[in-house]
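Read off the chains here:
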Amino acid sequence: PYGEIADGLWLPRGGMYALVQALQRLAASLNVRIYTETDIKQVIPDGRRCRWVVLPDSTAQDFDAVILNADAPAARERLLRDVPGAPRLPAMTPAVLTFYIGLRRPPGGLGHHTVFMPQDARTAFRDLMAGCRVPPDLPFYVAVPSLTDPTLAPDGQATLFILVPLPLPAKCPASGADDLVGFGRGYVMRRLKRHGIEIVEPDILFETAWTPRDWESRFCLHQASAFGAAHTLRQIGPWRWPNRDPYIRGLYYVGASTVPGTGLPTVTISGRLTVERMLHDAR
Ligand SMILES: Cc1cc2nc3c(=O)[nH]c(=O)nc-3n(C[C@H](O)[C@H](O)[C@H](O)COP(=O)(O)OP(=O)(O)OC[C@H]3O[C@@H](n4cnc5c(N)ncnc54)[C@H](O)[C@@H]3O)c2cc1C
């Protein structure tokens, strides 16, 4: 909120992916080689020194240092199986169900950002964090980015993004249920209608949804948590998952669950901190 009040709200021209492309161009100009569609299968230390990275074709490459950007607790658990000395597993933020919809025309009654709050916010957010149940009155967020940048949709059409937070499926089986998409969609559409916003089926040209399980498997997220380790008092600053592995030399972490925290500006700072620690160790 400070950034928004002090500097205003900004949208990269071409959408969020334009940021990825800009970073890619910058990296290429510095002769950094990027391998896409290359899921790392395993990281193998040599004693207490980080050493080999196993590629999808099962070949192993030797490195002086490895930075894991996959969600730190999940990466440590899945990519360094049975390697001792992992930091304590953190408590995580909720999961999300997301919808991506292409519309024939912009929906009336929605701005670029709209947040729909529950009547009883205290109970709903407690349910989400404690994970005991899907709150009966869910908050959700709707974005229509093509209202601000019309190039994000074909002429006259619109793109709609909907984010519904849910308790972690590990704590609340309903968040991993087969009918979750139908439930979430029905809930959102009914609530929109209550506010006079009707999205009629003939206007929907494209629609897809990602469940918490999709997010978990696509991005290697610990417990399917969308935003990483929670910013509780015991999980910030020196108590947060560190950028440098305490047990294995040459192994580093960057991103939402590690220092300093979650969110795009914060993970960018995480990148700088991790590089500083690597340079310090290399001296
Ligand atoms: C739906 C949603 C909406 C959000 N909205 C906002 C917002 O409005 N503002 C905000 O500030 N933050 C927002 N966030 C949070 C923000 O997106 C995250 O905190 C941030 O992207 C995390 O960055 P990261 O580098 O830690 O992880 P990621 O951006 O997930 O990057 C990790 C990368 O590692 C790759 N990877 C994982 N496993 C492997 C493997 N085995 N081998 C190779 N590569 C691998 C993944 O594919 C991914 O590309 C949102 C998050 C979600 C899920």
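In this text, all values refer to a predicted model and were calculated from it rather than measured experimentally.

Rules behind the numbers
- Residues numbered from 1 in each chain as written.
- Predicted model: local features only at pLDDT ≥ 70, side-chain atom pairs only at ≥ 80, totals over all residues.
- Heavy atoms only, no water.
- Buried < 20%, exposed > 50% of the residue type's maximum accessible area, 1.4 Å probe, protein only.
- Helix = DSSP H or I, 4+ residues; strand = E, 2+ residues; numbered from the N terminus.
- Pairing = 2+ DSSP bridges.
- Core = buried A, V, L, I, M, F, W, Y, C linked by side-chain atoms within 4.5 Å.
- Contact = heavy atoms within 4.5 Å.
- Axes fitted to C-alpha atoms, helices over the stretch in contact; angles between N-to-C directions.
- Near = heavy atom within 4 Å.
- Polar contact = N/O pair within 3.5 Å; in protein donor to acceptor, adjacent residues only side chain to side chain.
- Areas by Shrake-Rupley, 256 points an atom, 1.4 Å probe, with all protein chains shown as cover.
- Arc of directions from axis to C-beta.
- Domains from an automatic or database assignment.
- Salt bridge = Lys/Arg side-chain N within 4 Å of Asp/Glu carboxyl O.

**With respect to the pairing of strand β6 (residues 113-116)**
Consideration 1: Burial of the side chains of β6 is restricted to one face: Thr114 and Phe116 are buried, whereas none of His113 and Val115 on the reverse face is.
Consideration 2: Examined bridge by bridge, β6 and strand β7 (residues 140-143) share four bridges and lie antiparallel to one another. Looking across to β7, one finds that His113 is bridged to Ala143.

**Some thoughts on the nonpolar core**
Consideration 1: If you look at the biggest cluster of nonpolar residues, it comprises 26 residues, and the most contacted ones within it are Phe140, Leu160, Ile162 and Leu192.
Consideration 2: Those elements that place two or more of their residues in this core are β5 (95-103), β7, β8 (158-166) and α5 (180-194).
Consideration 3: With near-sequence residues (within four places) excluded, Leu192 lies in contact with Leu110, Phe116, Phe140, Val142, Ile197 and Ile199.

**Remarks on the environment of Phe161**
Consideration 1: Tracing the backbone shows Phe161 in strand β8.
Consideration 2: Judged by its relative accessible area of 22%, Phe161 falls in the partly exposed class.
Consideration 3: It is 20 Å that separates the C-alpha atoms of Phe161 and Ser217, two residues lying 56 residues apart in sequence.
Consideration 4: For Phe161, the residues in contact, after removing those within four places along its chain, are Thr98, Phe99, Tyr100, Tyr141, Val142 and Ala143.

**Overview of the sheet that holds strand β1 (residues 42-46)**
Consideration 1: If you walk across this open sheet you meet the three strands as β1-β2-β3, and the pairing is antiparallel. Only two strands of the sheet have a single partner each, and these edge strands are β1 and β3 (60-62). Between one strand axis and the next, the sheet turns by 35 degrees as a mean value, whatever way the strands run.
Consideration 2: Both β1 and strand β2 (residues 49-54) contribute to a ladder of five bridges, which runs antiparallel. Within β2, the residue paired with Ile44 across the bridge is Trp52.

**Describing the sheet that holds β6**
Consideration 1: Read from one edge of the open sheet, five strands run β6-β7-β8-β5-β9, paired in antiparallel fashion. The strands lining the two open edges of the sheet, one partner per strand, are β6 and β9 (204-210). Within this sheet the neighbouring strands show an average axis-to-axis angle of 15 degrees, counted without direction.
Consideration 2: Of the strands in this sheet, β5, β6, β7, β8 and β9 touch α5, which is tilted by about 65 degrees from β5.

**Quick word on unusual backbone geometry**
Consideration 1: Geometrically, the link from Val259 to Pro260 is a cis peptide bond, its omega value of 0 degrees lying close to zero.
Consideration 2: Phi at Glu37 takes a positive value of approximately 50 degrees, unusual for a residue other than glycine.
Consideration 3: Summarising the element assignment, Glu37 is placed in the loop between α2 (17-29) and β1.
Consideration 4: You will see that Asp82, though not glycine, has its phi angle at about 65 degrees, which is positive.

**Structural notes on the site of the ligand**
Consideration 1: As a matter of local geometry, the ligand sits amid 19 residues, with Ile40, Asn69, Ala256, Gly263 and Leu264 nearest to it.
Consideration 2: Here a nitrogen atom of the ligand sits 2.8 Å away from a polar atom, N or O, in the main chain of Ile40.
Consideration 3: The contact in question runs from an oxygen atom of the ligand to an N or O atom on the backbone of Ala256, over 2.8 Å.
Consideration 4: Compared with its free state, where it exposes 1,000 Å², the ligand has 64% of that area covered by protein.
Consideration 5: Within the residue set of the shell around the ligand, elements represented by two or more residues are α6 (212-219) and α7 (264-282).

**Some words on helix α4 (residues 121-130)**
Consideration 1: Taken as a whole, α4 has its buried residues at Thr123, Ala124, Asp127 and Leu128. For α4, the buried positions fall inside an angular range of 130 degrees around the axis, keeping them on one side. Among the exposed residues of α4, those pointing more than 90 degrees away from its buried face are Arg122 and Arg126.
Consideration 2: Packed against the buried residues of α4 are β8.
Consideration 3: Directly beyond the C-terminal end of α4, a positive phi value near 80 degrees is found at Gly131.

**Notes on the domain arrangement of the protein chain**
Consideration 1: Partitioning the protein chain into domains gives domain 1 (35-91 + 229-282) and domain 2 (95-219).
Consideration 2: On a C-alpha basis, the centroid separation for the pair domain 1 and domain 2 is 31 Å.

**So, the pattern of salt bridges**
Consideration 1: What the rule picks out here adds up to 12 salt bridges.
Consideration 2: Across the pair Arg76 and Asp245 runs a salt bridge, and its minimum N-O distance is 2.9 Å. One end of the pair, Arg76, is in helix α3 (residues 72-79); the other, Asp245, is in the loop between α6 and β10 (251-253), with 169 residues separating them in the sequence.
Consideration 3: The buried category is assigned to Arg76, whose relative accessible area is 3%.

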